2 protein chains.
Amino acid sequence: MGHEFDSHIDVTRESDGLYSADLNAGWVVGGGVNGGYLLAVLGNALRAALPGKPDPLSISAYYLSASRPGPAQVAIDVRRDGGSVATAAADLRQGDDVRITALATYGDLDLGADDVRTTAVEPDMPAPDDCVPTTLAPEDVRRMAPIMERFDIRFHPANIGWAVGQPSGEGVMSAWFRLADGRDPDPILLLAIVDALPPVTFDLGMPGWAPTLELTAHVRAKPAPGWLKVRHATRNMAGGMFEEDCEVWDSAGRLVAQSRQLARQPR
Amino acid sequence: MGHEFDSHIDVTRESDGLYSADLNAGWVVGGGVNGGYLLAVLGNALRAALPGKPDPLSISAYYLSASRPGPAQVAIDVRRDGGSVATAAADLRQGDDVRITALATYGDLDLGADDVRTTAVEPDMPAPDDCVPTTLAPEDVRRMAPIMERFDIRFHPANIGWAVGQPSGEGVMSAWFRLADGRDPDPILLLAIVDALPPVTFDLGMPGWAPTLELTAHVRAKPAPGWLKVRHATRNMAGGMFEEDCEVWDSAGRLVAQSRQLARQPR
């Protein structure tokens, strides 16, 4: 039995460096398709185009226009493939419109050195059952954001006040994450996870859409099965923009992905 | 009188989207040309190609091969130019070899909103004259790294022990920075500054070259004249790679640039 997520990110090879995809309406949030899901579709096409280098080590995506559910294409230009890594440029298109243009370096995370030195501290979270599930969200919110049905998300209670009009003002959001369909995490799923939470500006009392200009994700290790912990934070809003840093930790307590995006401040 | 830095990053338009540059030997460090300087050359060509959008807001560079001093070309493909920002792809080439492939979004930092909310904390540094100048470095080190003559750099004494074989082990490095030629900082100089210090792995007791795979820089504000404070830190080394986060603060105490790179651990 296949998992929903795998069918939603599936790509078909049309010709050398050209893949077709079908952007699933289940990933809509508000008026657009979630940027993390789009990154996973694009990342899945890159994996298909780079045999022997299955894992995204780094991907930098520039969001040029809003995607719609439906057919899309990913065009890939391998820029360098030698040694242990390969670098490629990739465009996600719908018709004549480029939605995302990206650069990425892929490799094999199983071949890396064993030496791990981490001073980063795993976020302290209450157990999933002591956190706030998205199933508590009002029906009209859930209808506007079908993406919420894709995941089992449990928000840290300390930074969920924005949902009831009482943002903490800290610019932080954290949650437990797993796919609703039970599929275990892998490096491609991490690309979706780093941009799946609401904008961290909600916690600053600024509801509204915060369009991503640029997002770079680094996958630092293959995630262990089970729950992921995701933490978003911003430390600087200026000139109408803010950065959103994301960390993803796996069930073994390992930092498996880091990302930063530059986004426009909600109006 | 022109400044040295401006002549070193100068580009000449050859044709639509094609610029020539001359990589100056004064930016060599060890066997290669400093990646920050290369980013400033590439960033200067992008500025020339995007009239009305003078400032890099975000630039993501993937380093494909090591540059040599001498002639180079920057080929630019504008991917979207509409509204307040423009996004372009750019390659820095020498002969048939692509040295760097990059994506960037440019705009005008003077047009941004005035609202600034920063919870990031400016690094605490002793006064420049109480820090450690690079002029104290041994003659043979300075000969291997002519880049040291381009800047007036004063290292925080707490994290300079690596220079005498006593790294702190914290994975942190910070310094005061200004150009030796007296030119004041601007957004293009910030692109050089975010990758001008030695690898932060020196402070972990790992001397040696740490090749950058990917570096993304966000310029968050125009820097005020005078000294810049630069802080590098890493929190995770795994699978033979580490991230290096950089912050640049200006003399007015404002966070003017943030960057992160993914680099290979020194052997």
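In the nomenclature of an unreviewed UniProt entry, chain A corresponds to Acyl-CoA thioesterase from the organism Nocardioides ginsengisegetis.

*Asks:* How do you make sense of the nonpolar core when you look at a structure like this?
*Replies:* It is characteristic of soluble globular proteins that their nonpolar side chains tend to be buried jointly. Grouped together as the largest cluster of nonpolar side chains are 78 residues, with contacts concentrated most on Leu 42, Leu 46, Ile 76, Phe 151, Phe 177 and Val 248 of chain A. At 9 residues, the largest contribution of residues to this core is made by helix α2 (residues 35–49) of chain A. Contact partners of Ile 76 of chain A, with chain neighbours within four places excluded, come to Gly 17, Tyr 19, Ala 45, Leu 46, Ala 49, Ala 88, Ala 89 and Ala 90 of chain A. Grouped together as the second largest cluster of nonpolar side chains are 77 residues, Leu 213 of chain A together with Ala 72, Val 74 and Ala 210 of chain B included.

*Asks:* Any chance you could explain the UniProt feature "domain: Acyl-CoA thioesterase-like N-terminal HotDog" (unreviewed entry) in chain A here in plain terms?
*Replies:* In the numbering used here, UniProt assigns the "domain: Acyl-CoA thioesterase-like N-terminal HotDog" (unreviewed entry) feature to residues 25–107 of chain A. Segment residues 25–107 of chain A splits into 18% helix and 57% strand. End C-alpha atoms: 31 Å apart.

*Asks:* Is there a simple way to explain the side chain of His 8 of chain B in this structure?
*Replies:* Looking at the element boundaries, His 8 of chain B is found in helix α1 (residues 4–8). The exposure class of His 8 of chain B is buried, given its relative accessible area of 10%.

*Asks:* What exactly am I supposed to notice about the interface of chain B and chain A here?
*Replies:* Interfaces are often described in size by the accessible area the parts lose on coming together. At the interface, 54 residues of chain B touch 54 residues of chain A. Three residues stand out in chain B for area buried against chain A, namely Tyr 62, Arg 220 and Arg 235 of chain B, and they jointly supply 16% of the buried area on that side. Summed over the shared surface of chain B and chain A, the result is 6 salt bridges. The partner of Glu 247 of chain B in a salt bridge is Arg 235 of chain A, and the shortest N-O contact between them spans 2.2 Å.

*Asks:* Honestly, the pattern of salt bridges in this entry has me stumped. Any pointers?
*Replies:* Working definition: two side chains of opposite charge can pair if their charged atoms are close together. Within the structure shown, the criterion is met by 32 salt bridges over all chains. Note that Arg 150 of chain A and Glu 4 of chain A form a salt bridge whose closest N and O atoms lie 2.7 Å from each other. Taken together, the residues span a long stretch of sequence, with Arg 150 of chain A in the loop between α3 (139–144) and β11 (151–155) and Glu 4 of chain A in helix α1 (residues 4–8) at a distance of 146 residues. The class for Arg 150 of chain A is buried, based on a relative accessible area of 12%. Under the relative-accessibility criterion, Glu 4 of chain A is labelled partly exposed at 27%. Note that Lys 229 of chain B is salt-bridged to Glu 122 of chain B, the shortest N-O span being 3.0 Å.

*Asks:* What is the right way to read the packing of aromatic side chains from this model?
*Replies:* By the definition in use, this model includes 14 aromatic pairs over all chains. The interplanar angle of 65° and the centroid separation of 6.0 Å between the aromatic rings of Phe 5 of chain A and Trp 27 of chain A together place this pair among those described as edge-to-face. Of the two residues, Phe 5 of chain A sits in helix α1 while Trp 27 of chain A sits in the loop between β2 (18–23) and β3 (28–29), which places them 22 residues apart along the sequence. Exposure remark for Phe 5 of chain A: the relative accessible area of 1% places this residue in the buried category. Seen in terms of ring centroids, Trp 162 of chain B and Phe 202 of chain B are 5.1 Å apart; in terms of plane orientation they differ by 70°. Their pairing is edge-to-face. Of this pair, Trp 162 of chain B sits in the loop between β11 (151–155) and β12 (172–179) while Phe 202 of chain B sits in the loop between α4 (187–193) and β13 (212–219), and the two are 40 residues apart along the sequence. Three or more aromatic residues joined by ring pairs make a cluster, and in this case those are Phe 5, Trp 27, Tyr 37, Phe 151 and Phe 177 of chain A.

Conventions and cut-offs
- Residues numbered from 1 in each chain as written.
- Chains lettered and ligands numbered in written order.
- Predicted model: local features only at pLDDT ≥ 70, side-chain atom pairs only at ≥ 80, totals over all residues.
- Heavy atoms only, no water.
- Core = buried A, V, L, I, M, F, W, Y, C linked by side-chain atoms within 4.5 Å.
- Buried < 20%, exposed > 50% of the residue type's maximum accessible area, 1.4 Å probe, protein only.
- Helix = DSSP H or I, 4+ residues; strand = E, 2+ residues; numbered from the N terminus.
- Contact = heavy atoms within 4.5 Å.
- UniProt positions renumbered as here; feature names shortened; annotations may be inferred.
- Buried area = accessible area lost by both parts, 1.4 Å probe.
- Salt bridge = Lys/Arg side-chain N within 4 Å of Asp/Glu carboxyl O.
- Phe/Tyr/Trp six-rings, centres within 6.5 Å; stacked < 30°, edge-to-face > 60°.

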